Amino acid sequence: DYILIDFSAFIDLIDLIGGVDVNVPQAIYDPLYPDMNYGYDPFSIGAGWNHLDGATALKYARSRHSSDDIDRARRQQQVIYAVRDKVVAYDKIPELALKAPQLWAELDEGIDTGLSLEQILELAWYVKDIPSENFKNGVLGWEYVQPWNYNSASVLVPNREKLGSLLVEVFGPSYNG
């Protein structure tokens, strides 16, 4: 299924759990980071471990001017895993489950999903018991995409001939697409 979270709900969610810790592989300086009013809000973060509040986590996940879309996708996954790690490490799932109806009401406008609140809670209880080394993820790196021009815009599309190896890496050797 899916969960889409708008910027405001993302910030609120990260702040709700007390922020996240991420290991930034290389410093980022993005003088053209967009603010919420079509202007700029320059963003910089040093390499190494950083504790990010919601607004900073959003900037870290969205920034693209110091690198590229592939690095941005890696950072987005890194933030998702940091949220999971924070919630599991501090055993916040029982606390959050008790507050779930209230939190859902507060964040609902900024979340679009095909899952019910009950299904999200069931997934959270299940995910908390999975060791982090059992998670597999992948990013569509340059080796899996090809540039394409669509209506005068440069876009990247998956190269389906090369994508199979990544899918097997993420989903296991029995994956048959």
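The coordinates are above.
Residues numbered from 1 in each chain as written. Predicted model: local features only at pLDDT ≥ 70, side-chain atom pairs only at ≥ 80, totals over all residues. Heavy atoms only, no water.

### Here's the deal with the overall build of the chain
Alright, step 1. Within the chain one finds six helices and eight strands.
Alright, step 2. Going from the N terminus to the C terminus, the chain shows its helices and strands as β-α-β-β-β-β-α-α-α-β-α-β-β-α.
Alright, step 3. In terms of overall dimensions, the chain has C-alpha extents of about 50 × 45 × 35 Å along its principal axes.
Alright, step 4. Across the 177 residues that make up the chain, the buried fraction comes to 31%.
Alright, step 5. Once local pairs closer than 6 in sequence are excluded, the contacts in the chain between residues at least 24 apart make up 59%. (Helix = DSSP H or I, 4+ residues; strand = E, 2+ residues; numbered from the N terminus. Buried < 20%, exposed > 50% of the residue type's maximum accessible area, 1.4 Å probe, protein only. Contact = heavy atoms within 4.5 Å.)

### Things to note about the packing of helix α1 (residues 7-16) against helix α2 (residues 54-62)
Alright, step 1. Running from N to C, α1 and α2 point in directions that differ by 125 degrees, and their axes come no closer than 7 Å. Classified by the angle between their axes, α1 and α2 sit oblique to one another. For the element pair α1 and α2, the recorded crossing hand is right-handed. Across the interface between the two elements, Phe7, Phe10, Ile11, Ile14 and Asp15 from α1 touch Gly54, Ala55, Ala57, Leu58 and Arg62 from α2. (Axes fitted to C-alpha atoms, helices over the stretch in contact; angles between N-to-C directions. Parallel < 35°, antiparallel > 145°, perpendicular 65-115°, else oblique. Left-handed = near helix turned anticlockwise from the far one by under 90°.)

### Some words on the packing of aromatic side chains
Alright, step 1. Going through the model one piece at a time under the given rule, you end up with four aromatic pairs.
Alright, step 2. Considering the side-chain rings of phenylalanine 171 and tyrosine 175, the 5.2 Å spacing of their centres and the 25 degrees angle between planes classify their relative orientation as stacked.
Alright, step 3. Overall, the relative accessible area of 54% leaves phenylalanine 171 in the exposed class.
Alright, step 4. By relative accessible area, tyrosine 175 is classed as partly exposed at 32%.
Alright, step 5. Here arginine 75 stacks its cationic end above the ring of tyrosine 60, 5.7 Å away from the centre of that ring. (Phe/Tyr/Trp six-rings, centres within 6.5 Å; stacked < 30°, edge-to-face > 60°. Lys NZ or Arg CZ within 6 Å of the ring centre and 35° of its normal.)

### Comments concerning helix α4 (residues 93-107)
Alright, step 1. The end-to-end C-alpha distance of α4, which contains 15 residues, comes to just 17 Å, noticeably less than the 21 Å that a straight helix rising 1.5 Å per residue would cover.
Alright, step 2. Of all the bends in α4, the greatest, near 65 degrees, is centred on alanine 100, and the proline proline 101 appears no more than four residues after it.
Alright, step 3. Within the sequence span of α4, burial applies to Ile93, Leu96, Ala97, Ala100, Leu103 and Leu107.
Alright, step 4. Where α4 is buried, its residues meet α1, α3 (69-89), β6 (111-113) and α5 (117-127). (Expected span 1.5 Å × (residues − 1). Bend = angle between axes of the 7 residues up to and from the residue.)

### What about the environment of proline 158?
Alright, step 1. As for its placement among the helices and strands, proline 158 is situated in strand β8 (residues 153-158).
Alright, step 2. Along the chain, proline 158 and valine 79 lie 79 residues apart, while their C-alpha atoms are 23 Å from each other.

### Topic: the side chain of threonine 113
Alright, step 1. By secondary structure assignment, the location of threonine 113 is in strand β6.
Alright, step 2. Assessed through its relative accessible area of 16%, threonine 113 is described here as buried.
Alright, step 3. Polar side-chain contacts of threonine 113 include one of 3.0 Å to the backbone nitrogen of leucine 115.
Alright, step 4. Every residue in contact with threonine 113, bar those within four places of it in the chain, is listed here: Tyr2, Ile3, Trp104 and Ile120. (Polar contact = N/O pair within 3.5 Å; in protein donor to acceptor, adjacent residues only side chain to side chain.)

The values are spatial; any link to function lies outside them.
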